Amino acid sequence: MKFINTITTFLKNKNHVLFIAIIMVHVSIAFYFISQQYITYDEPSYIEYSKRWLHGKPDRIEPLDDSKTPVISIVWLPRIVQQVLYPDFKQNDFGTKDQQQGRYMMIFFSILMLIYFYQFLKLLHVKNWLIAFLFFIIDPLIVAYSVLINSDFLSGLIALATVFHLYKYLCQKSNKDFWFSCIWLATGLVTKHSFLFFIPLYWIMIIVKYKKLDLKKFIQFIVLVLLVINVWFYFHHSFKTLGSYEFQSNVFKNIQQNFSWIHWLPLPFPENYIQSLDMLQYNSNIGGGINSTYPGVYLLGQTKLHGGFWNFYIVNAWYKFPLSILILVCTGMFLLLFRFKIIIKKYGLLLLPIIYYFIILSCFNNFQTGVRHLLIIIPLLYVLIAVLINKLWQSKLKFAVIALWIFMVISVAKFYPDLIPYTNEFIENKQLVYEKIMDTGIDYGQSRKIAKDFLINNPNYTEPSATPHQGNYLVSMREIVLYKMYNDTTLNWLIKNYKPVGLVNHVYLKYTVE
């Protein structure tokens, strides 16, 4: 009876009802998206590593294991339930159904993000929070990546939760929020190694606020972070000595050699955590290529097999963010220039991690394989966008906000449910997307089955060979770019002499040679 009264009281609040409605809309959009999207390139390796982790074998045995995380292991819940109910249950589809069902479990993280987003806006006293949510739940990056089995969207949730609790701690001096921020940050370190950059930022924000370093809090931070990391890997070969590791990368080999005088020192980390850092450095040194863990970096017709482009994420955001969001971001930047002191005083703690990570990703990330990496800061960016929308809604520009939302709905609807290759109106001819950008933000492997079915249902179409010949051909834009990256001229006769006559699923080009 008490539980029912609690629910009744909760539902009496209009904001709570609206928030539940937002969640239901988001879940509906996500469910349909899942039903229409094939498995992407990265998902099999993520789900395979999490399966080994569940079996108590977290060792990284494949090159692609370098960046995999056990945090997404919730995706195995449907299969675990089936196996408990039907012990003899087996599948012979190479794990396709497990991956498809696992995507529904990823919605748990997206709901958790919506909750933190809502709580953050309440903390900032954003009255018109609903308007911001209407933009957020139709954002193509949010919709597309919220259900994919990888660590990109999850890193956005963790960054949002970490900053939320850190912000509360700095404003309210709540020990509980400090501990929660430590736990979330530690989980981030297990999820994505780019969170290592968050550690100095974390303490800079605290020191700037309190003008000193609290030694007691610093010790608590170290203990909590180490404990959480070890718990996630159940202390698997923790405290292994520095000298007993066999590293692959030159960076870690040099560290081991330079500190050989403390080779006996036990490292308070699980072995596979250190191993993953070493593998990432090793794969970074190898660079992109056919036999590498990533193809290389491509931008505006230029390619790099080692390193990245400083403007990679600027260009990707320019073409991949909906124009409505770009307009709001540019408006916010304009206001920042003219009201710098006021905005920094109020929202500096939110701006800092966004700017910091954008610089880190642009300058120090050799694996620039898609706009999805920006998901680590996009939820935080939306918090600031919500603040701006709230201000605009209370002014004479309310109808401008409505117009931007309608325009965004129309723009996104043209692609839905095929939202991974979404590009805004700055690229008018979608057949030439690959001339600007081409990576996992366009072709993540999600259209492979559709292309295969197209060739089966349209026998007059085939895949081109190296020999020029009349006929109808289907070629992926990704394949065109890969040929260019590796200086392969096999398809030059087709690509350079003929223009595409159509597009399949925003990824595959149709050619007709007469």
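In the block above lies the structure referred to throughout.
Quick notes on the rules
Residues numbered from 1 in each chain as written. Predicted model: local features only at pLDDT ≥ 70, side-chain atom pairs only at ≥ 80, totals over all residues. Heavy atoms only, no water. Helix = DSSP H or I, 4+ residues; strand = E, 2+ residues; numbered from the N terminus. Buried < 20%, exposed > 50% of the residue type's maximum accessible area, 1.4 Å probe, protein only. Core = buried A, V, L, I, M, F, W, Y, C linked by side-chain atoms within 4.5 Å. Phe/Tyr/Trp six-rings, centres within 6.5 Å; stacked < 30°, edge-to-face > 60°. Contact = heavy atoms within 4.5 Å. Patch = residues over 30% accessible without salt bridge, like charges linked within 9 Å, V, L, I, M, F, W, Y side chains within 5 Å. Areas by Shrake-Rupley, 256 points an atom, 1.4 Å probe, with all protein chains shown as cover. Salt bridge = Lys/Arg side-chain N within 4 Å of Asp/Glu carboxyl O. Lys, Arg positive; Asp, Glu negative; His and termini not counted. Charge placed at Lys NZ, Arg CZ, Asp CG, Glu CD. Axes fitted to C-alpha atoms, helices over the stretch in contact; angles between N-to-C directions. Parallel < 35°, antiparallel > 145°, perpendicular 65-115°, else oblique. Nonpolar A, V, L, I, M, F, W, Y, C, P; charged D, E, K, R; others polar. Pairing = 2+ DSSP bridges. Left-handed = near helix turned anticlockwise from the far one by under 90°.

K.L.:
How would you sum up unusual backbone geometry? Please name residues and give values.
P.N.:
Following tyrosine 416, the chain continues to proline 417 via a peptide bond in cis, the omega torsion being 5°. Position of proline 417 among the secondary structure elements: in the loop between α18 (398-413) and α19 (448-457). Unlike most non-glycine residues, lysine 211 shows phi in positive territory, near 65°. Classification of lysine 211 by relative accessible area gives exposed; the value is 70%.

K.L.:
Could you give me a rundown of the nonpolar core, with the residues and numbers involved?
P.N.:
The nonpolar side chains of a soluble globular protein tend to be buried, and buried together. Core analysis: the biggest nonpolar cluster contains 157 residues, and Phe120, Phe135, Tyr202 and Phe321 have the highest contact counts within it. If you look at the next biggest cluster of nonpolar residues, it comprises seven residues, including Phe454, Tyr461, Leu474 and Val507.

K.L.:
Give a description of the packing of aromatic side chains that names residues and reports values.
P.N.:
Under the definition given, this model contains 41 aromatic pairs. Centre to centre, the rings of tyrosine 32 and tyrosine 416 are 5.8 Å apart; their planes meet at 35°, and the pair counts as tilted. In this pair, tyrosine 32 sits in helix α2 (residues 14-36) while tyrosine 416 sits in the loop between α18 and α19, placing the two residues 384 residues apart along the sequence. What makes tyrosine 416 partly exposed here is its relative accessible area of 28%.

K.L.:
Can you break down helix α20 (residues 477-485) residue by residue, with the values?
P.N.:
Those residues of α20 lying buried are Met477, Ile480, Val481, Leu482, Tyr483 and Met485. On the buried face of α20, the contacting elements are β1 (297-299), β2 (302-304), β4 (471-476), α21 (492-495), β5 (502-504) and β6 (508-513). After α20 finishes, the residue asparagine 487 shows a positive phi value of roughly 55°.

K.L.:
Any details on a positive patch on the surface? Residues and values, ideally.
P.N.:
A cluster of basic residues, Lys173, Lys209, Lys211 and Lys212, forms a positive patch at the surface. Judged by relative accessible area, lysine 212 falls into the exposed class, the value being 55%.

K.L.:
Report on the packing of helix α15 (residues 323-338) against helix α17 (residues 378-393), specifying residues and quantitative values.
P.N.:
It is at 10 Å that the axes of α15 and α17 come closest, and there the two elements cross at 80°. Compared by their axis directions, α15 and α17 come out roughly perpendicular. Residues Ile325, Leu328, Val329, Thr331, Gly332 and Leu335 of α15 lie in contact with α17, whose contacting residues are Leu381, Tyr382, Ile385, Leu388, Ile389 and Leu392. When its residues are assigned to classes, the contact of α15 with α17 shows 10 nonpolar, two polar and no charged.

K.L.:
Please set out a nonpolar patch on the surface residue by residue, giving values where relevant.
P.N.:
A contiguous nonpolar surface patch, about 680 Å² in accessible area, is contributed by Leu54, Leu77, Ile80, Val81, Val84, Leu85 and Tyr86. With five residues, helix α4 (residues 77-85) is the largest single contributor of residues to the nonpolar patch. Secondary-structure assignment places isoleucine 80 in helix α4.

K.L.:
Before we move on, could you go through the sheet that holds β4 and cite the residues and values that matter?
P.N.:
What the four strands build is an open sheet, ordered β3-β4-β6-β5; its pairing is mixed. A strand with exactly one partner marks an edge of an open sheet, and here the two such strands are β3 (461-462) and β5. Looking at chain direction, β3 and β4 are connected through two bridges and run parallel. Of the residues in β4, the one forming a bridge with tyrosine 461 is asparagine 472. Its contacts with the sheet place α20 against β4, β5 and β6, and it is angled at close to 75° to β4.

K.L.:
Account for the packing of helix α10 (residues 198-210) against helix α16 (residues 340-364), naming residues and giving values.
P.N.:
Contact pair α10 / α16: the axes reach a minimum separation of 11 Å and the direction vectors enclose 155°. One finds that α10 runs roughly antiparallel with respect to α16. Classified by chirality, the crossing of α16 by α10 is right-handed. Where α10 abuts α16, its residues Phe198, Pro200, Leu201 and Met205 lie against Leu349, Leu352, Pro353, Tyr356 and Tyr357. Partitioned by chemical class, the residues of the contact of α10 with α16 number nine nonpolar, no polar and no charged.

K.L.:
I'd like a description of the pairing of β6, backed by residues and values.
P.N.:
Every regular strand shows the same layout, with side chains that alternate between the two sheet faces. In this sheet, β6 lies alongside β4 in antiparallel orientation, the contact comprising six bridges. Pairing of glycine 471 across the sheet is with valine 513, part of β6. Two elements, β5 and β6, share three bridges in a ladder whose sense is antiparallel. From the neighbouring strand, valine 504 faces β6, where its bridge partner is tyrosine 508. What sits between β5 and β6 in their antiparallel hairpin is a turn of three residues, with asparagine 505 showing a positive phi close to 55°.

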